[in-house]
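# Observations on the three-dimensional arrangement
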Amino acid sequence: MEAVLKIINISKDFVLHHQDGTRLQVLDHFSMEFFPGKITLLNGPSGAGKSTLLRMIYAGYRTCRGNIMVKHKDHFVDMVQASPATIYDIRLHTIGYVSQFLRVVPRVSALDTVIEPLIQRGVSESKAREKGRQILRRLRIPENLWHLSATTFSGGEQQRINLARGFIASYPIMLLDEPTASLDPDNRDTVLNLIKEAVRSGSCVIGVFHNQGDQEKIGGRAVDMTRKYFHPTEVEH
Amino acid sequence: MTGNVPDKSLPLLKVQNLSKFYGKNMGCHDINFELAEGEVIGVVGESGSGKSTLLKCIAGKINTTNGSVFFNSLYGFVDLCQCDELLLRQLTRTQIGYVTQNSVDGLRMNISAGGNIGERLMANGMRNYSQIRKIALEWLEKVEIETNRIDDLPTTFSGGMQQRLQIAANLVTDPKIILMDEPTSGLDVSVQARLIDVLRKLVSRLRLSMILVTHDLAVARMLSHRLYVMKEGKIVESGLSDQILDDPREPYTQLLVSSVLKP
Amino acid sequence: MSLQYNFAYLDEQSKKMIRRSILKAMAIPGFQVPFGGREMPLPYGWGTGGIQLTASLLGKEDCLKVIDQGSDDTTNAVSIKDFFKKTARIEITENTEDATIIQTRHRIPETPLTPQQIMVYQVPIPEPLQFIEPKRQENAKMHAFSEYGTMYVKLYEDIARHERIAMAFDYPVHVNGRYIMSPSPIPKFDNPKLHQSCAMHIFGAGREKRIYAVPPYTDVVSLDFEDYPFELEEWDESCAICGSDQTFLDEIITDDEGTRMFVCSDTEFCSRVRQKGKR
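Okay, so let's go over this structure. These numbers were taken from a predicted model, which means no experiment stands behind them. (Residues numbered from 1 in each chain as written. Chains lettered and ligands numbered in written order. Predicted model: local features only at pLDDT ≥ 70, side-chain atom pairs only at ≥ 80, totals over all residues. Heavy atoms only, no water.)

### Things to note about the overall build of chain A
Counting its secondary structure elements, chain A contains 7 helices and 9 strands. For 237 residues, the compact-globule formula gives about 18 Å, and the C-alpha radius of gyration of chain A, at 18 Å, lands near that figure. A principal-axis box enclosing the C-alpha atoms of chain A has dimensions of 50 × 40 × 35 Å. Pairs at least 24 apart in sequence give 70% of the contacts found in chain A among residues at least 6 apart. For chain A, the exposed area adds up to about 10,700 Å²; of that, 49% sits on carbon and sulfur atoms. (Helix = DSSP H or I, 4+ residues; strand = E, 2+ residues; numbered from the N terminus. Rg over C-alpha atoms; globule rule 2.2 N^0.38 Å. Contact = heavy atoms within 4.5 Å. Areas by Shrake-Rupley, 256 points an atom, 1.4 Å probe, with all protein chains shown as cover.)

Next up, the structure:
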């Protein structure tokens, strides 16, 4: 099986110029390959670089050294070097990213927030809305909230809107940063099912889950981020 | 002139070694960047960092000291700093939109809202009143101004409405690029939110190419794909919006980002 | 003791300068030529521009007619005629056909003009773009680049407010397919008389120090929209005095009860028609 994502020798440090120039080395020569239809769990305590790795793959954080090769439309593209236009395209079609918190836009309805990725892909408004309604129903967002802005929603509701938005379109690679953190057990199971469905349909899922139970339910390979250094060959699964 | 089809392989706008000095004082210095079609670039920085000067240079509102602004116009690649005034004026009333911070500078205050929107259409040769009227009404709706205000003077509008009217008056000719200079500053927060929302919708629906100058990082994040951080007339850092705001590298950018209160 | 004035008041050097500006204005129809306007012995707004033009154009053989509001005997017309009677001792007439130079403030005579005649207009505001763009420098550029679209904003505003182009006077025209020109405060009724006119039309603005012209046989087109074409005002009435139904009529209130009557604004034409009728 060919990997869809190859991380080669990446390093990341943060220099805090206004805090005595502190340098935080978060990743040091990290390498790993990721495969379609497989799930990888990133484990480790806070500060181990789990979220940082996800953000680097998404190019939200810049990578100091190394390469992040993403299979995008049958070609490998290095996210570290890619042009902005390529990154926009990769984010639109290849890599999905569900963050810990929803970035709420005031005055935009929950439904419109959820269907945005489809609209951007050029899906018709009516089709997108139909899909949006399905996924909102599945995530148990009461119908009377759909036309409201998510600004006023509870933390759990906002997170489900965020997940609905992340899962409405399918991506070959999905990055999940604590997607189940603030969910009740029913919704948690729904989300885990969504993830499993994505994996079954061939997505490569990389996720951070703090809940031990969730990790067990999902299964997949677990990576201990505290180890910092991985040899590419040892992670062939 | 290379015919009527813009070359897609070229960027929409290419700013090269652009400098502007006011006497000995630097407005902006050695600015280089490119804007692709459908892309929104935010230029952030504090007051006096040269971001408005940069925008005015790009819009041809002020003469540059040095450098070029290549614009991939419908007439081919044109250096806005070198082209003759006739062409520049033609471009600025058709293919380039410019929204000013103070709507007084961008609107005709003694002309009705409809007249303000219609002006660019008439300037481009439209001579049919009913047609102009119809388009003006459509645009009022798009920027969420009640259509029964079409014959009112902008002086009777609130600040937010004036800005939305200014945006409509600029977008009505479907410009290839739109330049915005602090469109949200000076407005109440609630009014700002509506303006930003209108802008956001227009940007995604019309796939606008835009350069947005703002000191408001939240506005910048919401609207722009990429950000340029300016300080003392120079670009100190650039990258995708989330890169700049979530992973700022330069001391100045870190200061800028950490200075923002998050409610 | 009587003061000796130069012929037609202005000194010859000033006249020469003004004639040069007139020639330039004739060469570029509709273009406003700046000129070194002289101080005249009457206030701005009373026709200082027109008087300087007339003074520069007059020869000893000329016959002058002056009208104000279409009338030969209103204050402004009478005092301008007196002025030239005194300073040029030329022949003065009320008869349109006899005049070689006709100085006017608000009207073009109803009697058709001839190729031998020169119309001189007193212009208060020469810049037609001023309404839309008050900046002088910007006006100049708009003229230079033929950026006249914004001029239509004025028409648009009219239709938006009054459901028609309500401008009745000083209705802007496009001259020779190039410059947009203010025809001075003549009623739009008179605009078609400028189009392909065999006479010469010269406009002078004293305060603004501008001269512009429409040479003989020049296209003069009134601005309009495709769906709101230029239209002439029409009256249901005919002139109460002479019975003409083809002339520009003034409305006159004749008593305290508000009784109205419509009469020709061109008094000379009106009385001539009446004379003819009597004969």
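### Quick word on the packing of aromatic side chains
Remark: the centre distance and the inter-plane angle together describe each pair of aromatic rings, the angle taken between the planes. Counted by the stated rule, this structure contains 19 aromatic pairs over all chains. Through a chain of ring-to-ring contacts, three or more aromatic side chains come together here, namely Tyr129(B), Tyr152(C), Tyr156(C), Phe225(C) and Tyr228(C). In this arrangement the basic side chain of Lys60(C) is found over the ring face of Phe7(C), its NZ or CZ atom lying 5.0 Å from the centre. (Phe/Tyr/Trp six-rings, centres within 6.5 Å; stacked < 30°, edge-to-face > 60°. Lys NZ or Arg CZ within 6 Å of the ring centre and 35° of its normal.)

### Concerning the arrangement of the chains
When the 2 pairs of chains in contact are compared, the highest contact count belongs to chains B and C. In this structure chain A stays clear of chain C, and the shortest span between their C-alpha atoms is 33 Å.

### Side note on the interface of chain B and chain C
Chain B puts 22 residues into the contact, and the matching count from chain C is 21 residues. Both faces combined, the contact of chain B with chain C buries some 2,000 Å², and carbon together with sulfur accounts for 54% of it. When residues of chain B are sorted by the area they lose upon contact with chain C, Arg89(B), Arg127(B) and Tyr129(B) head the list and together hold 36% of the total. At the junction of chain B and chain C, the tally comes to 5 salt bridges. The partner of Arg108(B) in a salt bridge is Glu133(C), and the shortest N-O contact between them spans 3.2 Å. If you look at where chain B meets chain C, you find 14 residue pairs in polar contact (both at pLDDT 80 or more). Secondary-structure elements contributing two or more residues to the side of chain B that touches chain C are α2 (85-94), α4 (113-123) and α5 (129-142) of chain B. In terms of residue count, the dominant contributor to the side of chain B that touches chain C is α4(B) (5 residues). (Buried area = accessible area lost by both parts, 1.4 Å probe. Salt bridge = Lys/Arg side-chain N within 4 Å of Asp/Glu carboxyl O. Polar contact = N/O pair within 3.5 Å; in protein donor to acceptor, adjacent residues only side chain to side chain.)

### A few points about the sheet that holds strand β6 (residues 173-175) of chain C
All names here are of chain C. Strand order in the open sheet formed by 3 strands is β7-β6-β10, with antiparallel pairing between adjacent strands. Lying at the two open borders of the sheet, with one neighbouring strand each, are β7 (179-181) and β10 (220-222). Neighbouring strand axes in the sheet, compared pairwise and without regard to direction, differ in orientation by 35° on average. (Pairing = 2+ DSSP bridges. Axes fitted to C-alpha atoms, helices over the stretch in contact; angles between N-to-C directions.)

### Concerning the sheet that holds strand β3 (residues 39-43) of chain A
All names here are of chain A. The parallel open sheet is built from 5 strands, whose spatial order is β6-β7-β8-β3-β9. A single partner strand is all that each edge strand has here, and the edge strands are β6 (95-98) and β9 (221-224). When strand polarity is set aside, the average angle formed by the axes of neighbouring strands in this sheet is 15°. Looking at chain direction, strand β7 (residues 173-177) and strand β8 (residues 204-208) are connected through 5 bridges and run parallel. Bridging from a neighbouring strand, Met174 pairs with Val205 of β8.

### Topic: the interface of chain A and chain B
By a widely used convention, the size of an interface equals the accessible area lost when the partners come together. Each partner contributes residues to the interface: chain A has 22 residues there, and chain B has 24 residues. Taken over both partners, the interface formed by chain A and chain B buries close to 2,000 Å², and the fraction arising from carbon and sulfur atoms is 48%. By the criterion of area lost to chain B, the three top residues of chain A are Arg62(A), Tyr88(A) and Arg107(A), representing 36% of everything that side buries. For the pair chain A and chain B, the number of links is 7 salt bridges. For Arg91(A), the salt bridge is made with Asp242(B), and the minimal N-O distance between the two is 3.0 Å. Linking chain A with chain B are 15 residue pairs in polar contact (both at pLDDT 80 or more), by the criterion used here.

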